[in-house]
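# Survey of secondary and tertiary structure
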Amino acid sequence: MVSIRKDFPILSRQVRGKPLVYLDNAATSQKPRAVIQALSEYYEQHNANVHRAVHTLGQEVTERYEEARQKVADFIGAPAEGIIFTRGTTEAINLVSYTWAEANISPGDEILTTPMEHHSNLLPWQRVAQARGASLKFIPMSPQGTLSLSALDTLLTERTKLVALTHMSNVLGAITPVKEIARRAHEKGALVLVDGAQSVPHIPVDVKDLDCDFLAFSGHKMLAPTGIGVLYVRPQVLETMEPFQLGGEMAREVWLDRATWNDLPIRFEAGTPNIAGAIALGVAVDYLRNLGMERVREHEIQLTGYALVRFQELPNTEVFGPWDTQQRGGIISFCHTGVHSHDLGTFLDHEGVAIRVGHHCAMPLMELLKVSATGRASFYIYNIKAEVDLLVETLQKAIRYFTPGPRRVARPTNS
Ligand SMILES: Cc1ncc(COP(=O)(O)O)c(C=O)c1O
């Protein structure tokens, strides 16, 4: 979508004297001017605390903050009372692990997840399993990211209390069959938590359609600032949950020895929230809705399909994840057999191309793929084919540069 590039000021900057080619969107996205302006407008015109002031500024920000909650709710087909603002996906998942899971997971229970989870959707469940005497089980998967649904016949039991899985792998780009898994999990009475950090920014997501009980995602991966994220909880489940943190705003009545809790979802937002971030997230949601999430998805399918074809030109390079663009998002992880990903990433940076290299906070998946690190290029709405061309052509140069052989770079001569 060439025409929207002008909305993103950072895309016109240079890196090391070259135009920036930003392909690290799975880590964080760039921000359109409308989002940046919403932040400065908030601090220049409205700054006050929410839910507590009788003065005009306080009322203005409360209205805008709650409007943002409604926008986020509409974006994922949820009721506003099921939307809790958090710092991001990590905090959202930890919230569920410290509240719902502590109260509902007993010794002998089982939590089912996958080997391709981001550490944010693995470590909280390792902790719960250890603390509660429960066990953590894994749905087997192929190295391409296909989950073995037939294994669910034996893995899902009456003891399964929670299925926690990613909607889109941040390494493989693989989109998981959440709907089918949720249906089968619910048949056994288990709840379903979806890590939507990579899916909500890129594909149309509707919590009613997915039929999940929890959905976590981060604003900063979908055009909004850092430090704001969302936990959706199905209201019937939320009503049963004890508060996560205790303090201001979340209590209704407080005595010296006890307290009662405020309405949902404020009960789960103790203390002063990230007001500017929430309002700016609302603006980011407006931006995405104006584009249309179907269009966002279609654009990324086209770009990813093109990139997958061009990646085949790279010698000795393995590309991970599904080949079918219907089953993957715009994330391409790759490895060269002879050149370390960090060398490739550093070479690319010298040409202004930003990709991510490393284990992507998915170390168990690296082990499954039998690599210690991968390079990862990830796309968003403002990326274009010319950037894919530059990526592939620069990778070709990097591979030539680092491949042992006759010296190709002339030494400077001493005159
Ligand atoms: C799939 C997935 N889950 C969770 C996270 C954690 O998100 P955050 O750091 O915004 O909390 C990420 C971030 O990269 C991710 O890709």
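Residues numbered from 1 in each chain as written. Predicted model: local features only at pLDDT ≥ 70, side-chain atom pairs only at ≥ 80, totals over all residues. Heavy atoms only, no water.

### As for the overall build of the protein
Within the protein one finds 14 helices and 17 strands. Compactness check: the protein gives a C-alpha radius of gyration of 23 Å against a globular reference of 22 Å for 415 residues, within 12% of the reference. Its C-alpha atoms put the protein at 85 × 55 × 40 Å along the principal axes. When each of the 415 residues of the protein is scored for burial, the buried share is 56%. Looking at the protein alone, contacts between residues at least 24 apart form 72% of all its contacts between residues at least 6 apart. In the structure as shown, the protein presents an accessible area of about 17,900 Å², 52% of it carried by carbon and sulfur atoms. Across the protein, the centroid of the 41 positively charged side chains sits 7 Å from that of the 45 negatively charged ones. (Helix = DSSP H or I, 4+ residues; strand = E, 2+ residues; numbered from the N terminus. Rg over C-alpha atoms; globule rule 2.2 N^0.38 Å. Buried < 20%, exposed > 50% of the residue type's maximum accessible area, 1.4 Å probe, protein only. Contact = heavy atoms within 4.5 Å. Areas by Shrake-Rupley, 256 points an atom, 1.4 Å probe, with all protein chains shown as cover. Lys, Arg positive; Asp, Glu negative; His and termini not counted. Charge placed at Lys NZ, Arg CZ, Asp CG, Glu CD.)

### Here's the deal with the packing of helix α11 (residues 293–311) against helix α14 (residues 385–402)
Running from N to C, α11 and α14 cross one another at 20°; their axes reach a closest spacing of 10 Å. Between α11 and α14, the angle is such that the two are roughly parallel. Seen from above, α11 lies across α14 with right-handed handedness. In this structure, α11 uses Leu303, Tyr306, Ala307, Arg310 and Phe311 to contact α14, whose residues at the interface are Lys385, Val388, Asp389, Leu391, Val392, Glu393 and Leu395. Of the residues belonging to the contact of α11 with α14, the class tally is 8 nonpolar, no polar and 4 charged. (Axes fitted to C-alpha atoms, helices over the stretch in contact; angles between N-to-C directions. Parallel < 35°, antiparallel > 145°, perpendicular 65-115°, else oblique. Left-handed = near helix turned anticlockwise from the far one by under 90°. Nonpolar A, V, L, I, M, F, W, Y, C, P; charged D, E, K, R; others polar.)

### So, the sheet that holds strand β17 (residues 374–378)
As summarised here, the arrangement of the 4 strands in space is β13-β14-β17-β16, forming an open sheet in which the pairing is antiparallel. Single-partner strands in this sheet number two, and they are β13 (317–319) and β16 (356–358). The mean angle between the axes of side-by-side strands here comes to 25°, regardless of whether they run parallel or antiparallel. Note that strand β14 (residues 331–336) and β17 share 4 bridges and pair antiparallel. For Ile332, the partnering residue across the bridge sits in β17 and is Ala377. In this fold α11 packs onto β13 and β14, with an angle of close to 10° to the strand it touches most, β14. (Pairing = 2+ DSSP bridges.)

### Some thoughts on the site of the ligand
Residues in contact with the ligand, as listed here, are Ala26, Thr89, Thr90, His118, Ser120, Asn170, Asp195, Ala197, Gln198, Ser218, His220 and Lys221. Ser218 places a side-chain nitrogen or oxygen 2.7 Å from an oxygen atom of the ligand. Separating an oxygen atom of the ligand from a side-chain N or O atom of His220 is a distance of 2.7 Å. Protein coverage of the free-state accessible area of the ligand, which is 400 Å², stands at 85%. Here the residues of the shell around the ligand sort into 2 nonpolar, 8 polar and 2 charged. (Near = heavy atom within 4 Å. Polar contact = N/O pair within 3.5 Å; in protein donor to acceptor, adjacent residues only side chain to side chain.)

### Digging into the side chain of Arg328
Position of Arg328 among the secondary structure elements: in the loop between β13 and β14. In terms of polar contacts, Arg328 uses its side chain to reach the backbone carbonyl oxygen of Leu172, at 3.3 Å. Beyond its immediate sequence surroundings of up to four residues, Arg328 is in contact with Leu172, Gly173, Ala174, Ile175, Arg297, Thr304, Leu308, Phe320, Gly321 and Pro322.

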